[in-house]
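# Geometric and topological summary
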Amino acid sequence: MRNFYDEVPFDGDVLDSIQKTLQQQGETLLSLAAEFNKSQYLLALSLMFQCKGHVIICGMGKSGHVGRKISATLASTGTPSFFVHPAEAFHGDLGMITGDDVVILISNSGETDEILKLIPSLKHFGNRIIAITGGVQSTLAKNADAVLEIRMQSESCPNNLAPTTSTTLTMAIGDALASALMNKRHFMPNDFARFHPGGSLGRRLLTRLKDVMSSRLTQMAPESSLKDVIVGMTQDQHGIALVMDKGSLMGVITDGDLRRAMLRQDFDLNTFKAKDIMSHNPITASQHSMLNDAEDLMRERQIKQLLVVDDTNTPVGIVNFFN
């Protein structure tokens, strides 16, 4: 079999290039973090926080791709936002913008024609404009209410042409704005889950145990033989038996309980009953509890299964923890 790596026409210079690119972009980010126009950022955040409409993002080319991501991040973290393609804006999409919206225009040069053409209409609508640009003296900057500078010496592209470092900085600026607004709004995990109901976090934070529990329970009487207990646990998908007496929960038997019982010197498979090896006072949770809280409890108590009870403390289900 041929060795693929022997056929790749790359050498150490390529790895040096990768390291140089990562280092250059990292250093540029650190430089921006150490020295940025705080008053302009505070003004931009104030405009976004007080916005009664949407924060609309516009950008051409690579700036547009980054702008879509910034808009998606804002929308998912409590700041209503959407992206408008500047070229499409002149063919009807300007109707998506209202005077209550704040518009973020992205252009590294600050002279992108499609972006500049939007400014008269935005001024007419009464929109406040935030510019993300490397040209602080550009036409875009001069027409913006707040200017967030893309501070860099050059792109990490070998030819200093392809948007590389500039898009990294723009992305970071967008993330910084979103994070600051989250802090200002006290945006918590529960809020995040409301916008991500399909994700694992949303599922855990918004789902109650009664919605995900299995109602298949193996119940044994206190006097049940261990043979019956073992058969019942083997047939049950959860491997746990509830010891019930007249509808009341006395205890539970798990695989661990069986193993510990077999280590006892007085163990006798033929004479031991369910009540002799069960664990008393099992950990339970209300069927109305949130899945996230239940998982925290199971993690804290180091258990993989949790009994779910109704309002009368009667077992109605079980949930498993696989993390």
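The sections below set out a description of the structure shown in this document.

Reading the values: the criteria
Residues numbered from 1 in each chain as written. Predicted model: local features only at pLDDT ≥ 70, side-chain atom pairs only at ≥ 80, totals over all residues. Heavy atoms only, no water. Buried < 20%, exposed > 50% of the residue type's maximum accessible area, 1.4 Å probe, protein only. Helix = DSSP H or I, 4+ residues; strand = E, 2+ residues; numbered from the N terminus. Pairing = 2+ DSSP bridges. Right-handed = clockwise from strand over helix to strand, strands pointing away. Salt bridge = Lys/Arg side-chain N within 4 Å of Asp/Glu carboxyl O. Contact = heavy atoms within 4.5 Å.

## Thoughts on the pairing of strand E1 (residues 55–59)
The two faces of the sheet receive side chains in turn, since in a regular strand these alternate between them. E1 sits mainly inside the fold: five of its five residues count as buried. Side-chain alternation along E1 places Val55, Ile57 and Gly59 on one buried face and Ile56 and Cys58 on a second face that is also buried. Here E1 pairs with strand E2 (residues 81–83) via three bridges, running parallel. Opposite Ile56, over in E2, you have Phe82 as the bridge partner. Between the parallel pair E1 and E2, the chain is carried across by helix H4 (residues 61–76), and the sense of this crossover is right-handed. Pairing analysis gives five bridges linking E1 to strand E3 (residues 102–106), with the strands arranged parallel. Counterpart to Ile56 in the pairing with E3 is Val103.

## Some thoughts on the pattern of salt bridges
For the coordinates displayed, the defined rule picks out eight salt bridges. The partner of Asp175 in a salt bridge is Lys69, with the nearest N and O atoms 2.5 Å apart. Of this pair, Asp175 sits in helix H9 (residues 165–185) while Lys69 sits in helix H4, and the two are 106 residues apart along the sequence. The partly exposed category is assigned to Asp175, whose relative accessible area is 29%. Residue Lys69 is classed as partly exposed on the basis of its relative accessible area, which comes to 32%. Ionic pairing is found between Lys275 and Glu223, a salt bridge with its closest N-O pair at 2.7 Å. Placement of Lys275 in helix H15 (residues 274–277) and of Glu223 in the loop between strand E6 (218–220) and helix H13 (226–235) is noted, with a sequence separation of 52 residues between them. Taking relative accessible area as the criterion, Glu223 reaches 47% and is therefore assigned partly exposed.

## Concerning the environment of Lys304
Considering the arrangement of structural elements, one finds Lys304 in the loop between helix H16 (291–301) and strand E11 (305–309). Residues Lys304 and Phe321 lie 17 residues apart in sequence; the distance between their C-alpha atoms is 4.9 Å.

## Observations concerning the environment of Leu209
Summarising the element assignment, Leu209 is placed in helix H12 (residues 209–212). Taking relative accessible area as the criterion, Leu209 reaches 0% and is therefore assigned buried. Distance in space between the C-alpha atoms of Leu209 and Leu105 is 45 Å, their sequence separation being 104 residues. Setting aside anything within four residues of it in sequence, one finds Leu209 in contact with Ala285, Ser286, Gln287, Ser289, Met290, Leu291, Ala294, Leu306, Val308 and Val319.

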